[in-house]
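# Coordinate analysis (summary)
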Amino acid sequence: MSKPSSNTEYFATEHLSAAIGGRTARGGAVTVVSHGLKFVLSIVATAILARLLTPNDYGLVGMVVVITNFATMFKDLGLSLATVQRAEISYDQISTLFWVNVTLSGAITAVMISLAPLVAWFFGEPRLLLITIATSAGFLFGGLTVQHEALLKRQMRFYALSAIAFISMMLGYTAGIVMAWNGAQYWALVGSQLVLLSCNMVCVWIVCRWRPGRPLRNTGVRSMLSFGGNITGYAIINYFSRNCDNLIIGRLFGPQPLGLYAKAAQLLSLPTDQVNEPLSSVAIPALSRLADSPERYRQAYLRMMEKLILVTMPAVTLMLATSDWLVQIILGPQWSSTARIFVFMGIAGLFQPLASTGGWLLVTQGRGRDMLRWSLINAPISILSIIAGIPWGVVGVAVSFSLARVLIANPLLFWFVGRSGPVRMGDFYRLLRPFTVASASALLSCIVFRQLVTISNPVVGFAACGVIVAVVTTAILALMPAGRHALRDIKESILLLRPVTPDVAVAAK
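Just so it is clear, the structure is predicted and the values come from calculations on it, not from any experiment.

A few words on the overall build of the chain. In terms of regular secondary structure, the chain is built from 22 helices and zero strands. For the chain, the proportion of its 509 residues judged to be buried stands at 53%. Here the analysis covers contacts within the chain between residues at least 6 apart in sequence; of these, 84% occur between residues at least 24 apart. For the chain, the computed accessible surface area is about 21,900 Å², with 67% contributed by carbon and sulfur atoms.

So, in structure tokens, the structure goes:
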């Protein structure tokens, strides 16, 4: 098959090996800055929408999101990760995978539309019928971008990916705010998401000039489909275990409690998502390129994790110490009940960023079957912990789920991932030790401060606790050898942000 030159430039990755540390550092910096801007945008938009909409509006859409997010996994089938992780790919393979994704997306759209009456019946909410039908259109936009985004990630085109994500989010939130301002109620949330997805599709196709050919047989995609199948199996089981709480709360307690619970989860995920998501987009391609160099792989992972934990744990600590102020600042007084739920969910939130990277290791080491096996261990723990908390309401679910993650699921995950591969179980605990001590000290300092000093302005109080967390965390880390190493490594990582010159690239080879 004849292929335009623009269609072949996205496949080879040999040129990325030169100074991959610098590429990873610059890519990480770009994506973190981009997500920082998205974080600010998200905070502002959330504050505006929370005042224009009600918990009931969020709860209605949250009921549908539980279903549609599950269906979203089938449009990908893990094939984007297969494209990023595989050492060699061809034009015909990716074209075939593109049409697989598009076909699945169309099928999912049809299935979701047919299931809309069942969704409305299950939750006892007639309004969910049209919400489900409208939301289903987003699957078509997503299916058209799976392989294009995967190719950009494979080539470590993080500048382009970051710009696309920010522009799409800005336009999506703008549409949602305009709709909410004009009284669209819960439809503002639906419209916001559809505008985001459609803008993302258009921008990705403009930036990635690869265009698919027709699907072919015998192109060698069977192994990629097998890898993607294991990833999808893991994602399906993991999704049910992680969203069982929303499903049960929506069914048993209704949209108002679900809206409060879902908003607490969203608020907690804001700082971690701004670091974890962009780092994931950098880490998976980078670690995949280092899979044949175990020690380089291990060191690269540990250095990335130090940066991740150094940012996320103090941020979650600050949010735990000031949850009531934070809810008042961002969401407003009508969401005050969210603060208590948020505190208990935050127990697990401290360690979730590191736990979520276990998937990176399994993917980049080609351990797709292990991912599926882990989901079969993890799912019962999550589901049983949620059921155990039901008698005590929404707060009980938050407490039970968080304790199960920290005391049972996370230790099992570290053991399971560390059984083989360059990163061992002990590496996880050595990483966590200094940051856990620092975060606990910072949290205790904030609690003492709030007991001794009365502050009526939540913004002033939040800022004061922010200073305390920063000072205490830095001081504690400086007293510990592992903490000092992490702080010194930040300077070395900053030096890697310098552009790679031809002479440096040659020397790196």
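Right, let's get into the pattern of salt bridges. Oppositely charged side chains can pair when the atoms bearing their charge come close. Counted according to the given criterion, the structure contains eight salt bridges. The partner of Arg127 in a salt bridge is Glu125, with the nearest N and O atoms 3.0 Å apart. By relative accessible area, Glu125 is classed as buried at 13%. As a salt-bridge pair, Arg450 and Asp324 come within 2.9 Å of each other at their nearest N and O atoms.

Of all hydrophobic cores here, the largest spans 102 residues; its most connected members are Leu128, Tyr301, Met305, Ile341 and Leu354. In terms of residue count, the dominant contributor to this core is helix H12 (residues 294–321) (14 residues). Every residue in contact with Ile341, bar those within four places of it in the chain, is listed here: Leu260, Tyr261, Ala264, Val394, Val395 and Ala398. Residues Ile89, Tyr91, Phe98 and Met156 belong to the second largest nonpolar core, which totals 14 residues.

Of all the nine residues making up helix H7 (residues 146–154), seven are buried; the element is thus mostly covered by neighbouring parts of the structure. Buried within H7 we find Val146, Gln147, His148, Ala150, Leu151, Leu152 and Arg154. At the C-terminal side of H7, Met156 shows a positive phi close to 55°.

Counting across every chain of the model gives eleven aromatic pairs. Note on Phe98 and Trp205: the rings are 6.0 Å apart at their centroids and 65° apart in plane angle, and the pair reads as edge-to-face. Here Phe98, found in helix H4 (residues 91–123), pairs with Trp205, found in helix H9 (residues 187–207); they are 107 residues apart in sequence, far enough to count as distant. Residue Phe98 is classed as buried on the basis of its relative accessible area of 2%. Looking at Trp205, the relative accessible area reads 23%, which means it is partly exposed. Taken together, the ring pairs in this structure connect Phe98, Trp99, Trp205 and Trp210 into an aromatic cluster. Above the plane of the ring of Phe416 lies Arg419, whose end atom (NZ or CZ) is 4.3 Å from the centre.

Moving on to the environment of Ile43. Within the secondary structure layout, Ile43 lies in helix H1 (residues 20–52). Put simply, Ile43 and Ile330 are 287 residues apart on the chain and 7.0 Å apart in space, counted from C-alpha to C-alpha. With residues near it in sequence (within four places) discarded, Ile43 still touches Leu270 and Ile330.

If you trace the backbone, Asp427 turns up in helix H19 (residues 425–452). Taking relative accessible area as the criterion, Asp427 reaches 2% and is therefore assigned buried.

So, about the state of the cysteines. All chains considered together, the criterion is met by zero disulfides. Here Cys199 is not cross-linked by a disulfide; its sulfur's nearest cysteine counterpart is in Cys203, at 6.4 Å. Assessed through its relative accessible area of 18%, Cys199 is described here as buried.

A surface patch of nonpolar side chains, about 770 Å² in accessible area, is lined by Ile347, Ile377, Leu403, Leu407, Ile408, Leu412, Trp415, Met425 and Tyr429. Sorting the residues of the nonpolar patch by element identifies helix H18 (393–417) and H19 as the ones contributing at least two each. For the nonpolar patch, the element with the highest residue contribution is H18, accounting for five residues. The residue Leu412 is located in helix H18 in this model. By relative accessible area, which is 32% here, Leu412 ends up partly exposed.

A few words now on the environment of Gln352. Mapped onto the fold, Gln352 is located in helix H15 (residues 352–356). Given a relative accessible area of 23%, Gln352 falls into the partly exposed group. Along the chain, Gln352 and Ser402 lie 50 residues apart, while their C-alpha atoms are 10.0 Å from each other.

Positive phi is not limited to glycine here, since Gln185 has a value of about 55°. As for its position among the elements, Gln185 is in the loop between helix H8 (158–181) and H9.

This part covers the environment of Arg217. Considering the arrangement of structural elements, one finds Arg217 in the loop between H9 and helix H10 (222–253). Sequence separation of Arg217 and Gln93 is 124 residues, and the distance between their C-alpha atoms is 9.3 Å.

So, about the packing of H12 against H19. Viewed as axis vectors pointing N to C, H12 and H19 meet at an angle of 15°, and their least axial separation amounts to 9 Å. In terms of their interaxial angle, H12 and H19 are classed as roughly parallel. In the packing of H12 onto H19, the handedness of the crossing is right-handed. Here H12 contributes Arg298, Tyr301, Leu302, Met305, Glu306, Ile309, Leu310, Met313, Pro314, Thr317, Leu320 and Ala321 to the contact with H19, which in turn contributes Asp427, Phe428, Arg430, Leu431, Leu432, Phe435, Thr436, Ser439, Ala442, Leu443, Cys446 and Arg450.

Right, let's talk about the confidence of the model for the chain for a bit. When pLDDT is averaged along the chain, the result is 82, and 83% of the positions lie at 70 or above. Confidence drops under a pLDDT of 50 for residues 499–509, and excluding neighbours within four residues, the segment shows eight contacts in the predicted structure.

All right, on to the packing of H19 against helix H20 (residues 458–479) then. The description of two packed helices rests on the angle between their axes and on the distance between the axes. The contact between H19 and H20 brings their axes to 8 Å, and the two run at 145°. Here H19 and H20 pass one another in a crossing that is right-handed. Mapping the contact onto sequence places Pro434, Phe435, Val437, Ala438, Ser441, Ala442, Ser445, Cys446, Phe449 and Arg450 in H19 and Ala464, Cys465, Ile468, Val469, Val472, Thr473, Ile476 and Leu477 in H20. Taken together, the residues that form the contact of H19 with H20 break down as 14 nonpolar, three polar and one charged.

Attention shifts here to the side chain of Asp370. Relative to the assigned elements, Asp370 resides in helix H17 (residues 368–389). Setting aside chain neighbours within four positions, we find Asp370 in contact with Leu362, Phe416 and Arg419.

Reading guide: rules and limits
Residues numbered from 1 in each chain as written. Predicted model: local features only at pLDDT ≥ 70, side-chain atom pairs only at ≥ 80, totals over all residues. Heavy atoms only, no water. Helix = DSSP H or I, 4+ residues; strand = E, 2+ residues; numbered from the N terminus. Buried < 20%, exposed > 50% of the residue type's maximum accessible area, 1.4 Å probe, protein only. Contact = heavy atoms within 4.5 Å. Areas by Shrake-Rupley, 256 points an atom, 1.4 Å probe, with all protein chains shown as cover. Salt bridge = Lys/Arg side-chain N within 4 Å of Asp/Glu carboxyl O. Core = buried A, V, L, I, M, F, W, Y, C linked by side-chain atoms within 4.5 Å. Phe/Tyr/Trp six-rings, centres within 6.5 Å; stacked < 30°, edge-to-face > 60°. Lys NZ or Arg CZ within 6 Å of the ring centre and 35° of its normal. Disulfide = S-S within 2.5 Å. Patch = residues over 30% accessible without salt bridge, like charges linked within 9 Å, V, L, I, M, F, W, Y side chains within 5 Å. Axes fitted to C-alpha atoms, helices over the stretch in contact; angles between N-to-C directions. Parallel < 35°, antiparallel > 145°, perpendicular 65-115°, else oblique. Left-handed = near helix turned anticlockwise from the far one by under 90°. pLDDT = per-residue confidence, 0-100. Nonpolar A, V, L, I, M, F, W, Y, C, P; charged D, E, K, R; others polar.

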